[in-house]
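Results of the structural survey
Listed below are the residues making up each chain.
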Amino acid sequence: METSEYRFFSDFDSGNLAEVEEVSVNEDEIHEAEFQVWTKPDCFQTEFQAGNTGTWFYFGMEGGQPGALIKFNIMNIGRQTSLFSQGMKPVYLVTSESDEWKRIDDDPIVTSVEDGCVLSFMFRNPKNTQKETFLALTYPYKFEELQETLDKIEESFNCCSGAFKQMQTEDKTDIYFHRETVIKSLENRNLDLLTITDMNGLQEELEDDLLDLFPDETNRRPHMFDKKEIVFVSSRVHPGETCASYVMKGFINFLLRKDDVQATKLREKYVFKIVPMLNPDGVANGHYRNDTRGVNLNRVYGNPTKEHSPTIFAAKKTYRLLSLFEPK
């Protein structure tokens, strides 16, 4: 999308931008440019789209006058007055200056309209306008970012994929880490399941396979552990609640601290089963609440199906199996 001087885009993981319209600026205004922005509602332009509001926005921009003060009006933000009443602000990333996201300086203005709200805020264009700048509702956490993080962790703990006799020689307090794909999403993305504990109670026996789950036959199931209770933790069923992924990332990092006394005690006593992202399709598509069929996955735990809600189907089936394991 291009205006007279600016280019806007959202063709990336978690991106969301439907339309941009440049607005003429009066001489008495303090800003030099102004844009009305519309976000894509979940399942935009499909049979599953419900309504015309879309709270999540995440887009990039290039061009314009260096240092210009720009006013953005997000026209269809949804009924989110309370969301910004306690100091929450949109965030930005200027790639020419930093690799860290920051909150905008001034408080945004939220104006109630008939079917939602308009969110207005100011942003100063960077000095280098040839490189990409990004704006978002709040700190993004992409599906790609999760995969990159898990790849690095898995690489650093490849010792856990060895033969049982070799693993028996490891120190009992050494960390046991296992990653596997439980199922593929409707758009063929991984639903990851992590197992984190230590070598105490390690058994040669592996966990059972489950019908319709764990499609990667080259990746063995994790080992069983004696006299350990299981803690099951999941996250990110609603794509727009990115804070959940940051909490989960911190939790995983904490459990993997080798020299942390508390983490060591927890690994000794428990086996942690972690599903970091329950709605990978919704996240990748830049949705706020639903999956690609317009479903709030929190509402399908009662009777999920592999055909319509595979990630919840798999998570529930895995949880039920784990609940049968009792410390001996």
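Above this text is the structure in question.
About the cut-offs
Residues numbered from 1 in each chain as written. Predicted model: local features only at pLDDT ≥ 70, side-chain atom pairs only at ≥ 80, totals over all residues. Heavy atoms only, no water. Phe/Tyr/Trp six-rings, centres within 6.5 Å; stacked < 30°, edge-to-face > 60°. Helix = DSSP H or I, 4+ residues; strand = E, 2+ residues; numbered from the N terminus. Buried < 20%, exposed > 50% of the residue type's maximum accessible area, 1.4 Å probe, protein only. Pairing = 2+ DSSP bridges. Axes fitted to C-alpha atoms, helices over the stretch in contact; angles between N-to-C directions. Salt bridge = Lys/Arg side-chain N within 4 Å of Asp/Glu carboxyl O.

**Let's talk about the packing of aromatic side chains**
- Counted under the stated rule, the structure contains 24 aromatic pairs.
- When the centroid spacing of 6.4 Å and the interplanar angle of 90° are considered together, the rings of Phe8 and Phe72 count as edge-to-face. Placement of the pair is Phe8 in strand E1 (residues 6-9) and Phe72 in strand E5 (residues 69-74), with a sequence separation of 64 residues. For the pair Phe8 and Phe72, one class covers both residues: buried.
- Centroid distance Phe9 to Phe134: 5.8 Å. Interplanar angle 85°. Geometry classified as edge-to-face. Placement of the pair is Phe9 in strand E1 and Phe134 in strand E10 (residues 133-136), with a sequence separation of 125 residues.

**Structural notes on the sheet that holds E5**
- Overall, mixed pairing links the five strands, which are arranged E2-E3-E5-E9-E8 in an open sheet. If you trace the sheet from one side to the other, it starts and ends with strand E2 (19-23) and strand E8 (109-113), each paired once. Taking the axes of each pair of neighbouring strands and ignoring which way they run, one obtains an average angle of 20° across the sheet.

**A short note on the pattern of salt bridges**
- Following the criterion strictly, the structure yields 13 salt bridges and no others.
- Notably, a salt bridge pairs Arg221 with Glu180, separated by 2.7 Å at the nearest N-O pair. Of this pair, Arg221 sits in the loop between strand E13 (202-206) and strand E14 (223-225) while Glu180 sits in strand E11 (residues 175-184); the two residues are 41 residues apart in sequence, bridging distant segments of the chain.
- By relative accessible area, which is 6% here, Arg221 ends up buried.
- Given the relative accessible area of 3%, Glu180 is considered buried.
- Here Asp260 ties to Arg257 by a salt bridge, and the two come within 3.5 Å at their closest N and O atoms.
- Taking relative accessible area as the criterion, Arg257 reaches 44% and is therefore assigned partly exposed.

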